[in-house]
Protein chains: 4
Amino acid sequence: MTQARYRDLAEWPLMATALVFLAAYAWQVVARLEGEAAAPFEVVMWATWAVFVADYLINLGLAPDRGRWFIWNLHELLIVALPFFRPLRLLRLVTVLSVLHRSVGDTLRGRVVTYVAGSAALLVLVGSLAVLDVEQHAHDAKILTLGDAAWWAITTITTVGYGDLYPVTPLGRLVAAALMMSGIAVIGVVTASIASWLVQRIELNTEAAVTASEEPVRSELAELLDEVAALRREIAELRGRGGGIVETTGPERG
Amino acid sequence: MTQARYRDLAEWPLMATALVFLAAYAWQVVARLEGEAAAPFEVVMWATWAVFVADYLINLGLAPDRGRWFIWNLHELLIVALPFFRPLRLLRLVTVLSVLHRSVGDTLRGRVVTYVAGSAALLVLVGSLAVLDVEQHAHDAKILTLGDAAWWAITTITTVGYGDLYPVTPLGRLVAAALMMSGIAVIGVVTASIASWLVQRIELNTEAAVTASEEPVRSELAELLDEVAALRREIAELRGRGGGIVETTGPERG
Amino acid sequence: MTQARYRDLAEWPLMATALVFLAAYAWQVVARLEGEAAAPFEVVMWATWAVFVADYLINLGLAPDRGRWFIWNLHELLIVALPFFRPLRLLRLVTVLSVLHRSVGDTLRGRVVTYVAGSAALLVLVGSLAVLDVEQHAHDAKILTLGDAAWWAITTITTVGYGDLYPVTPLGRLVAAALMMSGIAVIGVVTASIASWLVQRIELNTEAAVTASEEPVRSELAELLDEVAALRREIAELRGRGGGIVETTGPERG
Amino acid sequence: MTQARYRDLAEWPLMATALVFLAAYAWQVVARLEGEAAAPFEVVMWATWAVFVADYLINLGLAPDRGRWFIWNLHELLIVALPFFRPLRLLRLVTVLSVLHRSVGDTLRGRVVTYVAGSAALLVLVGSLAVLDVEQHAHDAKILTLGDAAWWAITTITTVGYGDLYPVTPLGRLVAAALMMSGIAVIGVVTASIASWLVQRIELNTEAAVTASEEPVRSELAELLDEVAALRREIAELRGRGGGIVETTGPERG
């Protein structure tokens, strides 16, 4: 089985696993479960983790060039191996976007709305859960509920940053830094898409101008072809009459 | 009557309705009217709401493909059906922009100034009223006057976010999130417009270069046409003389 | 005298006036002068104001189409007529930028650095003085020194907005709003310039591709010209010999 | 020895010096060393400073046009001569980026990730150390640890600006202003790169369109060439027969 075929087959099961993981993780974080109460959720999370590890190993096994795949997918190893990067497993849900994308169609406006809105929503969701997970047990924490976490994530990803809420632990600040960078990337994509859409409209005009500038060349060429054809007919006629002078004709050449 | 014709006819009455709605809504929000005092304003707002519902139903009735129109205009249904989205009815005033646009003319600079300034002003107005409406009755609210609300809306839409004022209720935070996203879109349009204007100037040079590169081809073609024409004249002359040798001429071929 | 000629003559005197105004205004604001102590500065400011009024009237008098000039220069009237817009007179110093621009040369990098750095510095200067002027007498003001005002202006124009300092009076907030919008414009120009520079490099490749695609057409045309010329020589030769058959020649046609 | 050759030779030793400087400077700043304890670090820093001065002088000596090099490298003089600009010596480490760049390859995505991530990381590092250096001895300072300084630098460079931490000394505010401007430049580069990548894809389509519009012209030209060649063959044949009338033939012309 090739890696591409495996990925096609694994796409939907992995997305389902990510959704199960999301539900277990969100419940555990929001309900502040610890000790016995958290046990069933821990089991679910270990199970989903096993699926992600298996996916990583199968991908590594099927890769045509394993060394190269390993180097270019170090981030996958980090997400799978380190508990801190656990929330990033939710990024698998980005697959939902490509599904949405296919159904929305291929217009730029649809694409931008789908990807930007989808990515931003996913980032806010992952960021909220992750920051709440690492912050809520700190003694001077400001972010204590999922509502607060989501509000903080939105003010951060848009780079507004009121400062009414902010993470105070090193891990929370790492989550925040990742969210800020994502925010800049999202803003960049929005601006760049609008710009490229405006430029595309200009480009269409350029193409039209190029085609238009070809027009006279083509009409002159057509005129020339007619002229040469007329010339040839006259020569043929001349030759026909000239045939009355000498009888011997050379072999006809194509 | 077609839907397009209805829209042309309804444009100005709907804008007037939106203005009446704006006046009633703003007065009610700013004067913190409740109970008996609010009654006449409530009547006006129900009346304007009836107009918007009628407009929605007429549009749905006149649409060539009702199912499709319903899907693509779900936001219109939300604005009309849910009281929370009430302030969005003010977005009808965006029609003023297209009127301004027509009078400003078609230069890019005029367009950007009109749309960006107009949209930003409208968003600040709608955002201020909406946030004041939902925030002012919360016990720990920071945004308590229209001046504060407008100041908060400006710091939010520009993504500055000092944090001296910020919403504290879930609904207020929803309004804020909408305003932040609008802010990013406005910034994106400003940047993209400047970029496309700079690119357009580059494009004009490209078009000129393309046209210039066509020039030699066209002059060579003209030379060639002259050459072939001269050739034909010489053949015609040769044929004229050749006619003195044999009397019989073949049938003239077109 | 034409308006254009007047503007050339008045450029440097007006800039000098703006510098004198800047010195007097800055001194008065920073030293918190009031009453008697402020008198000499008031005299200087009234004198520079008289120069700006005279400039406005002369421009209006020399304009080819006075009504049109009046409409398109309403902002000049506001700056000259309303004391609140006084600090905007400093924007005359933007002339310094165009002088700098000429000496820096015409490269895009030089232009961006000059205009962005120059405009940003001027906006920070004007914004600092204006906000300090309107804020420092408010009883709960946060911005009390020129250093604080400059720091606040920088955090505002870059849209960082820490919120350690912010204006509290309506006039101060108006100054802040103007500075935020300028900030967005400056950021837009920076991004757009980088984008157009990158696009220009792509465009050069397109132009090269267009020129290259013309090459084969031109070489084929040259070959065709040679071919037709050879043909004509052969015909001429044929005709020269044919001349030995019949003596009568038709009139030579050019 | 030419300046270019010197730069090639000096690249790695200077980078090593910058790393040594970084280690000494970071240790001194973070450990709040003063008096005797700081002495060995001071020695190391004076030594690295001597290397940078020597590099500056050698570059000045080898420059083809010394006056011009001096003017265009005034910032180098400032970095070398003024103790306050000391942290900027770390910007030499930007050389690491060009090395990384070479190994990452020439794809736009790789370039953007390398440069933006590298520059941002370097700016955060330099900004953190510099702000901690100038702030930590102020009595009302908020930024007191390297962790806080790095967190502050990230919120500043992304223009989020929560305002939980901010510099309070004039020098700290200068560092902050530099970091904010760098942040805007970094955001501009991210957006512009995405935009130019989108535009490049549009451009490729334009190039294809231009090439396609050349196609018919070229095929018509080829047809014309065939036509004229056929014509010439017929004339040659005609002439061959005509040769039966008069014996003398002119010299064959190519």
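Residues numbered from 1 in each chain as written. Chains lettered and ligands numbered in written order. Predicted model: local features only at pLDDT ≥ 70, side-chain atom pairs only at ≥ 80, totals over all residues. Heavy atoms only, no water.

Identification of chain A as Voltage-gated potassium channel from Arthrobacter cupressi is taken from an unreviewed UniProt entry. Its UniProt record gives chain A the following Subcellular location (unreviewed entry) comment, quoted word for word: "Membrane". (UniProt positions renumbered as here; feature names shortened; annotations may be inferred.)

Peer 1: What am I meant to see in empty space enclosed by the protein here?
Peer 2: Empty space among the atoms becomes apparent when a probe as large as a water molecule is rolled across them. Applying the stated criterion across every chain yields a total of five cavities of 30 Å³ or more. Ile-187 of chain A, Ile-187 of chain B, Thr-159 and Ile-187 of chain C together with Ile-187 of chain D are the residues nearest the centre of the second largest cavity, which is lined by 17 residues in total. Residue assignment for the lining of the second largest cavity shows that the elements contributing at least two residues are α8 (170-242) of chain A, α8 (170-242) of chain B, α8 (170-242) of chain C together with α8 (170-242) of chain D. When grouped by side-chain class, the residues that make up the lining of the second largest cavity number eight nonpolar, nine polar and no charged. (1 Å grid on protein atoms, 1.4 Å probe; cavity = no way out; pocket = protein on both sides within 12 Å on 5 of 7 lines; lining within 4 Å. Points joined across faces, edges and corners; volume = space filled by probe spheres on them. Helix = DSSP H or I, 4+ residues; strand = E, 2+ residues; numbered from the N terminus. Nonpolar A, V, L, I, M, F, W, Y, C, P; charged D, E, K, R; others polar.)

Peer 1: Is there a simple way to think about unusual backbone geometry in this case?
Peer 2: Among all residues save glycine, negative phi is the norm, and among peptide bonds the norm is trans. Of note in this structure, Thr-159 of chain A is not a glycine but carries a positive phi near 60°. What makes Thr-159 of chain A buried here is its relative accessible area of 4%. (Buried < 20%, exposed > 50% of the residue type's maximum accessible area, 1.4 Å probe, protein only.)

Peer 1: Can you help me understand the UniProt feature "transmembrane region" (unreviewed entry) in chain A in this one?
Peer 2: Residue and element names in this part refer to chain A. Mapped onto the present numbering, the UniProt feature "transmembrane region" (unreviewed entry) falls at residues 12-31, 43-62, 108-131, 143-162 and 174-199. A helix fraction of 95% and a strand fraction of 0% characterise residues 12-31, whose end C-alpha atoms lie 28 Å from each other. Note that residues 43-62 is 100% helix and 0% strand, and that its end C-alpha atoms are spaced 29 Å apart.

Peer 1: What is the right way to read the side chain of Glu-135 of chain C from this model?
Peer 2: Residues and elements named next belong to chain C. Among the secondary structure elements, Glu-135 is positioned in helix α6 (residues 108-135). With no salt bridge to any partner, buried Glu-135 finds its closest opposite charge in Arg-173, at an N-O distance of 6.8 Å. The residues touching Glu-135, leaving out its near neighbours within four places in the chain, are Ala-141, Ile-143, Tyr-166, Pro-167, Val-168, Thr-169 and Gly-172. (Lys, Arg positive; Asp, Glu negative; His and termini not counted. Salt bridge = Lys/Arg side-chain N within 4 Å of Asp/Glu carboxyl O. Contact = heavy atoms within 4.5 Å.)

Peer 1: Explanation requested: the nonpolar core in the structure shown.
Peer 2: When a protein is soluble and globular, its nonpolar side chains tend to lie buried together. Ranked by internal contacts, the top residues of the largest apolar core, which has 182 residues, are Trp-152 of chain A, Trp-152 of chain B, Trp-152 of chain C together with Trp-152 of chain D. If we ignore the near neighbours within four places in the chain, the residues touching Trp-152 of chain B are Tyr-162 of chain A together with Gly-127, Val-131, Ile-143, Leu-165, Tyr-166, Pro-167, Ala-176 and Leu-179 of chain B. Within the second largest apolar cluster, 28 residues are counted, among which are Val-217 and Val-228 of chain A, Ile-235 of chain B together with Val-228 of chain D. (Core = buried A, V, L, I, M, F, W, Y, C linked by side-chain atoms within 4.5 Å.)

Peer 1: What is the right way to look at the pattern of salt bridges in this model?
Peer 2: Opposite charge on two side chains makes pairing possible when the charged atoms of those side chains draw close. In total, this model carries four salt bridges over all chains according to the counting rule given. Between Arg-173 of chain A and Asp-148 of chain D there is a salt bridge whose closest N-O contact spans 3.0 Å. A residue pair is termed interchain when its members come from two chains, as with Arg-173 of chain A in helix α8 and Asp-148 of chain D in helix α7 (residues 146-157). Of the two residues, Arg-173 of chain A and Asp-148 of chain D, both sit in the buried class.

Peer 1: Can you help me understand the packing of helix α2 (residues 39-62) of chain A against helix α4 (residues 74-81) of chain A in this one?
Peer 2: Any two packed helices are characterised by the angle at which their axes cross and by the distance between the axes. Residues and elements named next belong to chain A. Closest axis-to-axis distance for the α2/α4 pair is 10 Å, and the angle between their directions is 155°. What the angle tells us is that α2 and α4 run roughly antiparallel. Remark: the crossing between α2 and α4 carries left-handed chirality. Facing Trp-49, Phe-52, Val-53 and Tyr-56 of α2, the residues of α4 in contact are Glu-76, Leu-77 and Val-80. A class-by-class count of the residues in the contact of α2 with α4 yields six nonpolar, no polar and one charged. (Axes fitted to C-alpha atoms, helices over the stretch in contact; angles between N-to-C directions. Parallel < 35°, antiparallel > 145°, perpendicular 65-115°, else oblique. Left-handed = near helix turned anticlockwise from the far one by under 90°.)

Peer 1: Would you mind going over the packing of aromatic side chains with me for this structure?
Peer 2: What the rule picks out here adds up to 27 aromatic pairs over all chains. On the basis of an interplanar angle of 85° and a centroid distance of 5.3 Å, the ring pair of Trp-46 of chain B and Trp-49 of chain B is categorised as edge-to-face. Pair noted here: Trp-46 of chain B and Trp-49 of chain B are both in helix α2 (residues 39-62), with a separation of three residues, about one helical turn. The class for Trp-46 of chain B is exposed, based on a relative accessible area of 55%. Through a chain of ring-to-ring contacts, three or more aromatic side chains come together here, namely Phe-21, Tyr-25 and Phe-52 of chain A. (Phe/Tyr/Trp six-rings, centres within 6.5 Å; stacked < 30°, edge-to-face > 60°.)

Peer 1: Which parts of the structure should I look at to understand the packing of helix α1 (residues 3-30) of chain D against helix α2 (residues 39-62) of chain D?
Peer 2: All names here are of chain D. With their axes 9 Å apart at the nearest point, α1 and α2 run at an angle of 160° to one another. Judged on the interaxial angle alone, α2 and α1 are roughly antiparallel. Taken as a pair, α1 and α2 cross one another with a handedness that is left-handed. Of the residues in α2, those in contact with Gln-3, Tyr-6, Arg-7, Leu-14, Thr-17, Ala-18, Val-20, Phe-21, Ala-24, Tyr-25, Trp-27 and Gln-28 of α1 are Phe-41, Glu-42, Val-44, Met-45, Thr-48, Val-51, Phe-52, Asp-55, Ile-58, Asn-59 and Leu-62.

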